[in-house]
Amino acid sequence: MRKRNFQMKKATAFALALGIICAMVFGFPTTANAAPGENNTNESAETKQPADSLGLTAKAAVLMNAETGKIIYSVNENQQLPEASITKIMTMLLVFEALDEKKITMEESVTCSEYAASMGGSQIWLEPGETMTVHELIKAALVGSANDACVALGEHIAGSNEAFVSMMNARAEELGMTDTFYCNCTGLDADGHVTSAKDIAIASAALLEHEKVLEYTGIWMDTLRDGKLQLTNTNKLIKHYNGAIGLKTGTTSKAGCCISAAARREGMTMIAVILGAPDSKSRFADARKLLDHGFAKCELTDVSEIEVELPDIPVVGGIEKTVGAYADISGKVLTEKGRGRQIKAVVELPESLDAPVEVGQPIGIVKLVLDGETVGQYDVCSDRTSERVTFSAAFAELFRGLFIN
């Protein structure tokens, strides 16, 4: 009996070892090395996320602080889903970047093409050949969610709709939006047109860097065509949530009800992204819960007020025997309310430096630490140059000491 048990254990160990070797040699897929998109199922996302303590109804959600990019709360943040008209956040980001780069102006006219006029869905019923200013089309896109206005702007900037969509995908890649692929600039349902709640928050934060966009996203009601066309913002939070400043809603049969809601209080901006809510009322309720949670829990701390002592550092083999150190500690970090003053500065510097040392050369770091977590990190740099001691350098220094001092 003992011999049989020993043989069974031996066989089990052999099978386990063989499995490990096969995995190493043939690269059998695991969650860690699966191809992009293979781990974007509800089951995978739920195993990575904490329990939804806020009781949200959406398929995916993210609460992000705009100033720091820190995610405060999330549910299925990387799950790829359709996004409907929230797509227009990226469309408008490219429009406002083109304005900043002087490629277009608010006053210049844009002519509507046959293709732009054919969009359908939310629109302002542009006619082929009709002209509007960039300013009017931005208003139509951000307040009225006009698909025809978005396509007209995209064609005007890039030369064609296809070229503009390529620009959108390139910009998403630059921003690190790894779950996103755009098939159009409107958000109309299309196979493969997907994003994630985290990616939308990233794009939203980038758009909010253009403060002028708030002149449009904060509009409740307005008109076009000399008052003949009424526009009403689909983002009800603009009127009914304290501090709401934007950004965009979206609804299609595939995407469900979505929103990227931004609100600002006491200099702190929160972005709440909701994807796949069952109805419009639920998406606004979910967004409110996220924003309320962020403003109740968090605060921004100005780290420039934190005192840091930096000693002089000896230089081995240098003409200057020591160099001073400085660190540009600035900006703000996100902490729980009332915890900002508990941040400690931890300085990491070498005991000495080897010559040569250049002015501005990084020589160490300062970490800002709270509860063992690094909430900020900054380079420590040399405040002067120390050349290596050579015969010519030593002679020049001796000469200076003899005849100049």
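The structure presented is a predicted model; accordingly, all values stated were derived computationally and were not measured.

S.K.: Mind laying out the overall build of the protein chain, listing which residues take part and the relevant values?
M.R.: Scanning the protein chain from N- to C-terminus turns up 12 helices and 18 strands. Counting all 405 residues of the protein chain, 45% fall into the buried class. Pairs at least 24 apart in sequence give 65% of the contacts found in the protein chain among residues at least 6 apart. For the protein chain, the exposed area adds up to about 21000 Å²; of that, 53% sits on carbon and sulfur atoms.

S.K.: Describe the pattern of salt bridges, with residues and values.
M.R.: A full pass over the atoms with the stated rule returns 11 salt bridges. Between Arg339 and Asp371 there is a salt bridge, with its nearest N and O atoms 2.8 Å apart. Of this pair, Arg339 sits in the loop between strand 14 (332–336) and strand 15 (344–348) while Asp371 sits in the loop between strand 17 (362–370) and strand 18 (373–382), placing them 32 residues apart in sequence. Arg339 gets classed as buried once you look at its relative accessible area, which sits at 18%. In this structure, Asp383 and Arg384 form a salt bridge, with 3.5 Å as the shortest nitrogen-oxygen distance. Within this structure, Glu97, Arg171 and Glu174 form a network of salt bridges that share partners.

S.K.: For the sheet that holds strand 15, give the residues involved together with the corresponding values.
M.R.: Across the sheet, which stays open at both edges, the 4 strands sit in the order 13-18-17-15 with antiparallel pairing between neighbours. The open sheet is flanked by strand 13 (325–326) and strand 15, the only strands paired with a single partner. Note that strand 15 and strand 17 share 5 bridges and pair antiparallel. Looking at the pairing, Val347 lines up with Val366 of strand 17.

S.K.: Help me get a handle on the environment of Ser330, residues and values and all.
M.R.: With respect to the helices and strands, Ser330 occurs in the loop between strand 13 and strand 14. For the pair formed by Ser330 and Ile306, sequence separation is 24 residues and the distance between their alpha carbons is 9.3 Å. Dropping the residues within four chain positions of it, Ser330 is found in contact with Val303, Ser304 and Tyr378.

S.K.: Could you give an account of the packing of helix 5 (residues 134–143) against helix 6 (residues 147–158), with specific residues and numbers?
M.R.: If you want to describe how two helices pack, look at the angle between their axes and the distance between the axes. As a packed pair, helix 5 and helix 6 sit with axes 8 Å apart at the nearest point and diverge in direction by 140 degrees. With respect to their mutual orientation, helix 5 and helix 6 come out oblique. For the crossing formed where helix 5 meets helix 6, the hand is left-handed. Along the contact surface, helix 5 presents Val134, Leu137, Ile138, Ala140 and Ala141, while helix 6 presents Ala149, Cys150, Ala152 and Leu153.

S.K.: Talk me through unusual backbone geometry; I want residue IDs and the actual numbers.
M.R.: The linkage connecting Gly246 with the following residue, Leu247, adopts the cis geometry, with an omega of 15 degrees. For Leu247, the location among the structural elements is in strand 7 (residues 244–252). Looking along the chain, the bond that leaves Ala355 and enters Pro356 is cis, with omega of 5 degrees. Structurally, Pro356 can be placed in the loop between strand 16 (353–354) and strand 17. Positive phi, normally seen in glycine, also occurs at Glu266, with a value near 50 degrees.

S.K.: Go over the environment of Lys59 with me, naming the residues and quoting the values.
M.R.: Structurally, Lys59 can be placed in the loop between helix 2 (42–48) and strand 1 (60–65). Separated by 16 residues in sequence, Lys59 and Val75 place their C-alpha atoms 7.7 Å apart. If sequence neighbours within four positions are ignored, Lys59 has contacts with Val75, Asn76, Gln79, Leu81, Leu275 and Gly276.

S.K.: Can you tell me about the sheet that holds strand 9 (residues 268–277), naming the residues and giving the values?
M.R.: Strand order across the open sheet formed by 5 strands is 2-1-9-8-7, with antiparallel pairing between neighbours. Of all the strands in the sheet, the pair left with one neighbour each is strand 2 (71–75) and strand 7. With strand direction ignored, the average angle separating the axes of adjacent strands in the sheet is 5 degrees. Across the sheet, helix 11 (residues 280–297) is in contact with strand 1, strand 2, strand 7, strand 8 (256–265) and strand 9; its angle to strand 9 comes to roughly 150 degrees.

S.K.: Please set out the side chain of Asp199 residue by residue, giving values where relevant.
M.R.: Relative to the elements of secondary structure, Asp199 occurs in helix 8 (residues 197–208). An unpaired buried charge is present at Asp199: no salt bridge exists, and Lys198, the closest side chain of opposite charge, is 6.5 Å distant. Engagement of the side chain of Asp199 in a polar contact is seen with the side chain of Thr180, the distance being 2.7 Å. In contact with Asp199, other than residues within four places in its own chain, are Gly176, Met177, Thr178, Asp179 and Thr180.

S.K.: Tell me about the pairing of strand 1, residues and numbers included.
M.R.: Among the 6 residues in strand 1, 6 count as buried, and that is most of the element. Of the two faces of strand 1, the one holding Ala60, Val62 and Met64 and the one holding Ala61, Leu63 and Asn65 are both buried throughout. When strand 1 meets strand 9, the two strands line up antiparallel, connected through 6 bridges. Paired with Val62 across the strands is Val273, a residue of strand 9. Two successive antiparallel strands, strand 1 and strand 2, enclose a turn made up of 5 residues, where Gly69 displays a positive phi of approximately 75 degrees.

S.K.: Give a description of the packing of aromatic side chains that names residues and reports values.
M.R.: This structure, assessed with the given rule, holds 1 aromatic pair. Taken together, a centroid distance of 6.2 Å and an interplanar angle of 65 degrees make the contact between Phe96 and Tyr216 edge-to-face. A residue pair is termed long-range when its members are at least 10 positions apart, and Phe96 in helix 3 (residues 88–100) and Tyr216 in helix 9 (residues 214–217) qualify at 120 residues. Since its relative accessible area comes to 4%, Tyr216 is described here as buried.

Procedures and definitions
- By convention here, each chain's residues receive numbers from 1 onward along its written sequence.
- For a predicted model such as this one, the threshold for reporting local features is a pLDDT of at least 70, and the threshold for listing and counting side-chain atom pairs is 80 or more; totals across whole chains, interfaces and linings nevertheless cover every residue.
- No hydrogens and no water enter the side-chain calculation; it runs on all heavy atoms of the structure.
- Numbered from the N terminus, helices here are DSSP runs of H or I no shorter than four residues, and strands are runs of E no shorter than two.
- For the exposure calls, accessible area comes from a 1.4 Å probe over protein chains only, and a residue counts as buried if that area is under 20% of its type's maximum, exposed if over 50%, partly exposed in between.
- Residue contacts are defined here by distance: any two heavy atoms, one from each residue, within 4.5 Å place the two residues in contact.
- For every accessible area listed, the method is Shrake-Rupley and the probe measures 1.4 Å; residues are considered covered only by the protein chains on display.
- Counted as salt bridges are all cases of a side-chain nitrogen of Lys or Arg within 4 Å of a carboxyl oxygen of Asp or Glu.
- Any two strands are treated as partners once DSSP identifies two or more bridges connecting them.
- Each axis is a line fitted through C-alpha atoms, and for a helix only the stretch in contact is used; angles between axes span 0 to 180 degrees, taken between their N-to-C directions.
- Every angle not falling under 35 degrees, over 145, or within 65 to 115 is termed oblique; those three ranges are roughly parallel, roughly antiparallel and roughly perpendicular.
- Whether a crossing is left-handed or right-handed is set by the direction in which the near helix is turned from the far one by less than a right angle, anticlockwise for left-handed and clockwise for right-handed.
- For the charge count, each Lys or Arg is scored as positive and each Asp or Glu as negative, with His and the chain ends excluded.
- A 3.5 Å cut-off defines polar contacts: any pair of N or O atoms within that distance qualifies, except that in protein one atom must be a possible hydrogen donor and the other a possible acceptor, and neighbouring residues in sequence count only when both atoms are side-chain atoms.
- Classification of ring pairs rests on two measures: the distance between centres of Phe, Tyr or Trp rings, Trp counted by its six-membered ring, which must be within 6.5 Å, and the angle between planes, read as stacked under 30 degrees, edge-to-face over 60 and tilted in between.

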